[in-house]
Amino acid sequence: MSNSDLTSILFVLLLLVGLAQLLGFVFVKLRQPKVVGEILAGVLLGPALLGRLPLASPLMEIARHQANVFNFVYWLGLLLLMFLSGAETRQLFTRDERREVAWLSIVGSGVPFLLALGLGPWLIRPSLAGPNGNRLSLIIILAVGVAVTSVPVVSKIFADLKILHTRFARLVLGVAVLEDIVLWLALAVATALAAQTQLNSGQVALHLLTTIGFFGLGLTIVPRIVKRINKSRFNVLAKHSPVAYAIAVLLAYCVVAGALDVSVVFAAFLAGFAVVHKKRKLFAEALDAIGKVSFAFFIPAYFAIVGLKLDLVRGLSWGMIAAFLIGSCVAKILAVSLAGRCAGFRGLDLVNLAITTNARGGPGIVLASVAFDAGIISAPFYTTLVLAAVLTSQMAGAWLDYILRRGWPLLSASPGAESAGAPVQESPSAA
């Protein structure tokens, strides 16, 4: 890489991160999620707006020619976000919360997914299909788009609002992470069908079992082993350079996950979960240092590059956007409300859970990108999925901010406490 190439890359990153921080600040002042402003920074600099101007065309050329560099920054920002989310969450969900997570996952996500699968043959239109899109692959993409909940964007919203430590955040993230296991499997099936290759059910089953096994071990046995290593007197790296050790744990998890063909996004989350003691005494200063650098540069860069990848020029169908957005939101919110009632929640709790789990964010954008690159979906459907992901995330962030400003609880009571006649309200400062 020449000095000129390096200077150009640094200049583009300067524009992306600088504008992301500026718009993020503006959106916070407007009582909107900061993450939406960061994504908008990439949209403004992308091919849909400023990228179309003659003066900005060199920037687009730099982004295209140095795609590998920007992709690395993109993935590093995403992994750091998930690592810090896992560290703050401490526990994905407790033993007492398994019933609630089960209801929210199975009913809240399963009903919209199955509903879209069932109605898919009547909802699919030729305008949705790309060059390789057959009916079955399109139906799967539609179903996943309706049911998915975003882990990265929801995590960022929780971090911005300083509620990552709450029981509400644990429940939502627990549901979202479990949903994403189905997302990656469904994407693998859809792309295999689109490629018109023979679907090997054995390989698909093995991949799913490997992912579930990795996730199960990462929540139970492996954290205990890592915590023993953390406190070992032979752990020289942890004693003399806690920041380097924490990052080494993150990289080790991702390497193992990559070798097993498991999503590194899960691995980063589990690494943060494992490296932190329950009382967060170990590596607290190291994680604070990593968090400051990550939220100052890498994470805003990740969301800005998400916006930069959006190409609103390829196709825009307002009718398609309205139909998908309204239909998917109604299905998801009603299903989560039903699941919440089955789990024992009532009133405002149902609204908070339904609107938050309706945020599609990062996985919604990943779904759109993978499906579009595989030729499954058309440009208008790609744009529809991306805009739905951004708008539902903005809706969730704005609603949670409103709830916190009014001083209302995120969860008024746990079902167990409620049944015992001792409701316990959870405010933003509640652990």
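Residues numbered from 1 in each chain as written. Predicted model: local features only at pLDDT ≥ 70, side-chain atom pairs only at ≥ 80, totals over all residues. Heavy atoms only, no water.

Brief notes about the overall build of the protein chain
A count of helices and strands for the protein chain gives 20 helices and 0 strands. Put simply, the protein chain has 431 residues, and 53% of those count as buried. When contacts within the protein chain are restricted to residue pairs at least 6 apart in sequence, those whose partners lie at least 24 apart make up 79%. When the accessible surface of the protein chain is summed, it comes to about 19,200 Å², and 67% of that surface belongs to carbon and sulfur atoms. (Helix = DSSP H or I, 4+ residues; strand = E, 2+ residues; numbered from the N terminus. Buried < 20%, exposed > 50% of the residue type's maximum accessible area, 1.4 Å probe, protein only. Contact = heavy atoms within 4.5 Å. Areas by Shrake-Rupley, 256 points an atom, 1.4 Å probe, with all protein chains shown as cover.)

Quick notes on the packing of helix H1 (residues 3–29) against helix H2 (residues 34–45)
One way to put it is that H1 packs onto H2 with a least axis distance of 7 Å and a crossing angle of 135°. Classed by the angle they form, the pair H1 and H2 counts as oblique. In this structure, the crossing between H1 and H2 has a hand that is right-handed. On the side of H1, the interface is formed by Leu15, Leu16, Leu19, Ala20, Gln21, Leu23, Gly24, Phe27 and Val28, while H2 contributes Lys34, Val36, Gly37, Glu38, Leu40, Ala41, Gly42, Leu44 and Leu45. Here the contact of H1 with H2 is composed, by residue class, of 12 nonpolar, 4 polar and 2 charged. (Axes fitted to C-alpha atoms, helices over the stretch in contact; angles between N-to-C directions. Parallel < 35°, antiparallel > 145°, perpendicular 65-115°, else oblique. Left-handed = near helix turned anticlockwise from the far one by under 90°. Nonpolar A, V, L, I, M, F, W, Y, C, P; charged D, E, K, R; others polar.)

Looking at the environment of Leu400
Mapped onto the secondary structure, Leu400 falls in helix H19 (residues 379–405). A relative accessible area of 1% means that Leu400 is categorised as buried.

A few points about the side chain of Thr384
Checked against the element boundaries, Thr384 lands in helix H19. Judged by its relative accessible area of 1%, Thr384 falls in the buried class. Beyond its immediate sequence surroundings of up to four residues, Thr384 is in contact with Ser317, Met320, Ile321 and Phe324.

Things to note about the environment of Leu325
Relative to the helices and strands, Leu325 is located in helix H16 (residues 318–343). As for Leu325 and Leu391, which are separated by 66 residues in sequence, their C-alpha atoms are 8.7 Å apart. Setting aside its immediate chain neighbours within four residues, Leu325 contacts Ala388, Leu391 and Thr392.

Quick look at the packing of aromatic side chains
For any pair of aromatic rings, the description rests on two quantities: the centre-to-centre distance and the angle between the ring planes. Scanning the entire structure with this criterion turns up 9 aromatic pairs. Among the aromatic residues, those joined into a cluster by ring pairs are Tyr74, Trp75, Tyr302 and Phe303. Its guanidinium or amino end placed over the ring of Phe273, Lys227 lies 5.9 Å from that ring's centre, counting from NZ or CZ. (Phe/Tyr/Trp six-rings, centres within 6.5 Å; stacked < 30°, edge-to-face > 60°. Lys NZ or Arg CZ within 6 Å of the ring centre and 35° of its normal.)

Here we look at the environment of Ile157
Following the sequence through the fold, Ile157 ends up in helix H8 (residues 151–161). Along the sequence, Ile157 and Ala396 sit 239 residues apart, while their C-alpha atoms lie 8.4 Å from each other. With residues up to four places along the chain from it excluded, the contact list for Ile157 reads Pro33, Val35, Ser393, Gly397 and Leu400.

What about H2?
Here H2 is 12 residues long and its end C-alpha atoms lie 17 Å apart, about the 16 Å a rise of 1.5 Å per residue gives. With 9 of 12 residues buried, H2 is to be regarded as a mostly interior element. (Expected span 1.5 Å × (residues − 1).)

Details of the pattern of salt bridges
What the rule picks out here adds up to 2 salt bridges. A salt bridge links Glu100 to Arg167, with the shortest nitrogen-to-oxygen separation between them at 2.8 Å. Here Glu100, found in helix H5 (residues 98–106), pairs with Arg167, found in helix H9 (residues 167–194); they are 67 residues apart in sequence, far enough to count as distant. In this structure, Glu100 and Arg167 share a single accessibility class: buried. In this structure, Asp401 and Arg405 form a salt bridge, with 2.9 Å as the shortest nitrogen-oxygen distance. Placement of both Asp401 and Arg405 in helix H19 is noted, with a separation of 4 residues, approximately one turn of the helix. Using a relative accessible area of 43% as the deciding quantity, one classes Arg405 as partly exposed. (Salt bridge = Lys/Arg side-chain N within 4 Å of Asp/Glu carboxyl O.)

Let's talk about the confidence of the model for the protein chain
Scored by pLDDT, the protein chain has a mean of 80; 82% of the residues are at 70 or more. When the elements of the protein chain are averaged for pLDDT, helix H20 (residues 415–419) gives the smallest value, 45, and helix H13 (residues 242–259) the largest, 92. (pLDDT = per-residue confidence, 0-100.)

Some points on the packing of H2 against helix H15 (residues 284–309)
Put simply, H2 and H15 touch, their axes get as near as 6 Å, and they point 45° apart. Comparing their axes, H15 and H2 come out oblique. Every pair of crossing elements has a handedness; the one defined by H2 and H15 is right-handed. Where H2 approaches H15, its residues Val35, Glu38, Ile39, Gly42, Val43 and Leu45 are matched on the opposing element by Pro300, Phe303, Ala304, Gly307 and Leu308. Split by residue class, the contact of H2 with H15 holds 8 nonpolar, 2 polar and 1 charged.

Concerning a nonpolar patch on the surface
A surface patch of nonpolar side chains, amounting to about 380 Å² of accessible area, comprises Leu22, Phe25, Val26 and Leu30. Relative to the helices and strands, Val26 is located in helix H1. (Patch = residues over 30% accessible without salt bridge, like charges linked within 9 Å, V, L, I, M, F, W, Y side chains within 5 Å.)

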